[in-house]
Amino acid sequence: METETLYVTGTRLTQSRLSNVMAGSTLSSEQIKRRGYLDLGLALLRENPAVSIPDNAPVGGQNMYGTGQSFVSLLNLGSQRTLTLVDGMRMGGGASASIYGVGSGSQVDISAMPTSLVKTIDTRLGGAGAAYGADAVAGVVNYELDDHYKGVSLNAQGDWSQKLDNAAEKITFKAGRSFDHDRGGLVFDVEYRNQAGMLLRDRPDILSEGAVFYHRPTLGEKTAYTNVLGSGARMIQYSLTGIPTLRGNYGDFPVYGGVYGPTYAGLADAGIPSANGTPLVFSQNGQALVPYNSGTLLQGDNALGVDGDGVALRNYTQMRTPSEKINLTLLGHYDLTPHFHATWQAGTPEAARSTRAQWAC
């Protein structure tokens, strides 16, 4: 028999705040599979317009200090205001510390969830705070897992960029069976994911040190503009090998920048001066001190210069966080009566993670 679905968009029936119909959307496993997503956070970010860039994400500016985690932020209210449910039950938070923090709250790293077991991702916006509390002010995201799967499945996928880098691969093995005349069932899943990662220096002409960006004019340059276009900007107060200093006060810089004009610019401030007054830095093997070239300094800028031996931070900024994860998951259910059901879940709570940091200064 054909099944007809009736959608009610408005009603005069009395409803409580806990049973209100809330706006939302549903992302199916078929869509995730067709688009080849390896990370559920990216799947939601690209498929659901209500999802904004969260505190931690594998792409964008939020990926630099978050150890490869994926949070969900609805309506741009913050990941601490988005509640994560798995089969209708709260999932414990797992936010790792970072140098800029990850925001207060109970954010959940959804990259730890097995993509091959997700049936649907149901999002409900607003109104959930009355039922779930302050961590659901923006809404609720419920991940429904397939604990009734039967059979054996082995899948592998890989992808890379148009320039044949940023490689990633995923291998999943899933097996499930029922017992006691289909009253109960068990599903076991193993999922391996590896993301190579990318730095801005992998796109040198448009993003890294060689890319053209605005900076202050160089010393001696005459222009009517506060900023000019140029490439090769570097942080003059840092060195890849290290700059020793004579003072340890907060705010002391090893090098006089362009703020001090051509008379002092490039000479040692808190750094150890060489014979001509420029600072000394450690050599590549760390066994000697060698002169430091701060490059061409900029007017009114104490941090940046053009070329020289400074650190081009853009070369070490991540475009995609590298990570390697293994998920082990066991799902089960048993129908004690037609109206009383028992379910259980077990697995690696945060996924066995090995994140390879590529950012340095």
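Look up a bit, the structure's there.
Residues numbered from 1 in each chain as written. Predicted model: local features only at pLDDT ≥ 70, side-chain atom pairs only at ≥ 80, totals over all residues. Heavy atoms only, no water.

Draft legend 1. Fine view of the side chain of glutamine 237. The topology assignment puts glutamine 237 in the loop between strand S14 (233-235) and helix H4 (261-264). Owing to a relative accessible area of 8%, glutamine 237 belongs among the buried residues under this scheme. At a separation of 2.9 Å, a polar atom in the side chain of glutamine 237 contacts the main-chain carbonyl oxygen of valine 255. Not counting residues within four places of it along the chain, the set of residues in contact with glutamine 237 comprises Ile243, Phe253, Pro254, Val255, Tyr292, Asn302 and Ala303. (Helix = DSSP H or I, 4+ residues; strand = E, 2+ residues; numbered from the N terminus. Buried < 20%, exposed > 50% of the residue type's maximum accessible area, 1.4 Å probe, protein only. Polar contact = N/O pair within 3.5 Å; in protein donor to acceptor, adjacent residues only side chain to side chain. Contact = heavy atoms within 4.5 Å.)

Draft legend 2. Structural context of the pairing of strand S21 (residues 340-347). Looking at chain direction, strand S20 (residues 323-337) and S21 are connected through 8 bridges and run antiparallel. Paired with glycine 332 across the bridge in S21 is tryptophan 344. Counting the residues in the hairpin turn of S20 and S21 gives 2 residues. (Pairing = 2+ DSSP bridges.)

Draft legend 3. Seen up close, the sheet that holds strand S6 (residues 118-125). The strand order across the open sheet built from 5 strands is S1-S6-S7-S4-S5, with neighbouring strands paired in mixed fashion. Since the sheet does not close on itself, it has two edges, and those belong to strand S1 (24-28) and strand S5 (89-90), each with one partner. For S1 and S6, the ladder comprises 5 bridges, and the chain directions are antiparallel. Along S6, the bridge assignment pairs leucine 27 with isoleucine 121.

Draft legend 4. Geometry of the nonpolar core. In this structure, Leu40, Leu44, Ile110, Ile121 and Tyr143 are the most contacted members of the largest nonpolar core, which totals 24 residues. In this structure leucine 40 touches Ile32, Ile110, Met113, Thr115, Val118, Ile121 and Tyr143, once residues within four positions along its chain are discounted. (Core = buried A, V, L, I, M, F, W, Y, C linked by side-chain atoms within 4.5 Å.)

Draft legend 5. Representation of the pattern of salt bridges. Tallying each qualifying case throughout the model produces 10 salt bridges. The shortest N-O distance in the salt bridge between aspartate 182 and lysine 150 comes to 3.1 Å. A residue pair is termed long-range when its members are at least 10 positions apart, and aspartate 182 in the loop between strand S9 (168-179) and strand S10 (184-195) and lysine 150 in the loop between strand S7 (139-145) and strand S8 (151-159) qualify at 32 residues. For aspartate 182, a relative accessible area of 46% gives the class partly exposed. The partner of arginine 203 in a salt bridge is aspartate 165, and the shortest N-O contact between them spans 2.8 Å. With arginine 203 in the loop between strand S11 (198-199) and strand S12 (213-215) and aspartate 165 in the loop between S8 and S9, the pair connects residues that are 38 residues apart, well separated along the chain. Accessibility expressed as a relative area gives 21% for aspartate 165, which makes it partly exposed. Sharing partners across several salt bridges, the network here consists of Arg247, Asp252 and Asp269. (Salt bridge = Lys/Arg side-chain N within 4 Å of Asp/Glu carboxyl O.)

Draft legend 6. Helix H2 (residues 40-47), seen in detail. Those residues of H2 that sit buried are Leu40, Gly41, Leu42, Ala43 and Leu44. Where H2 is buried, its residues contact S1, helix H1 (29-35), strand S2 (51-52), S6, S7 and strand S19 (318-320). Capping the start of H2, aspartate 39 holds a side-chain oxygen 2.7 Å from the backbone nitrogen of glycine 41, two or three residues further along.

Draft legend 7. Layout of the side chain of asparagine 166. Tracing the backbone shows asparagine 166 in the loop between S8 and S9. With residues near it in sequence (within four places) discarded, asparagine 166 still touches Asp159, Trp160, Ser161, Gln195, Gly197, Met198 and Arg320.

Draft legend 8. Layout of the packing of aromatic side chains. Applying the stated criterion to the full structure yields 3 aromatic pairs. With 6.0 Å between their ring centres and 15° between their planes, phenylalanine 179 and tyrosine 334 make a pair best called stacked. Of this pair, phenylalanine 179 sits in strand S9 while tyrosine 334 sits in strand S20, placing them 155 residues apart in sequence. Between the aromatic rings of tyrosine 256 and tyrosine 260, the centroid separation amounts to 4.8 Å while the plane-to-plane angle is 75°, which identifies the pairing as edge-to-face. Through a chain of ring-to-ring contacts, the aromatic side chains of Tyr256, Tyr260 and Tyr264 assemble into a single cluster. Between lysine 174 and the ring centre of tyrosine 149, over which it is positioned, the NZ or CZ distance is 4.3 Å. (Phe/Tyr/Trp six-rings, centres within 6.5 Å; stacked < 30°, edge-to-face > 60°. Lys NZ or Arg CZ within 6 Å of the ring centre and 35° of its normal.)

Draft legend 9. Quick peek at the sheet that holds strand S17 (residues 296-297). Sheet architecture is open: 3 strands sit in the order S14-S18-S17, paired in antiparallel fashion. Lying at the two open borders of the sheet, with one neighbouring strand each, are S14 and S17. Examined bridge by bridge, S17 and strand S18 (residues 304-306) share 2 bridges and lie antiparallel to one another. Counted as the bridge partner of threonine 296 is valine 306 from S18.

Draft legend 10. Seen up close, a nonpolar patch on the surface. Residues Val152, Leu154, Ile171, Phe173, Phe179, Leu186, Phe188, Ile326, Leu328, Leu330 and Trp344 make up a contiguous nonpolar surface patch of roughly 950 Å² in combined accessible area. Of all elements in the fold, only S8, S9, S10 and S20 reach the threshold of two or more residues within the nonpolar patch. (Patch = residues over 30% accessible without salt bridge, like charges linked within 9 Å, V, L, I, M, F, W, Y side chains within 5 Å. Areas by Shrake-Rupley, 256 points an atom, 1.4 Å probe, with all protein chains shown as cover.)

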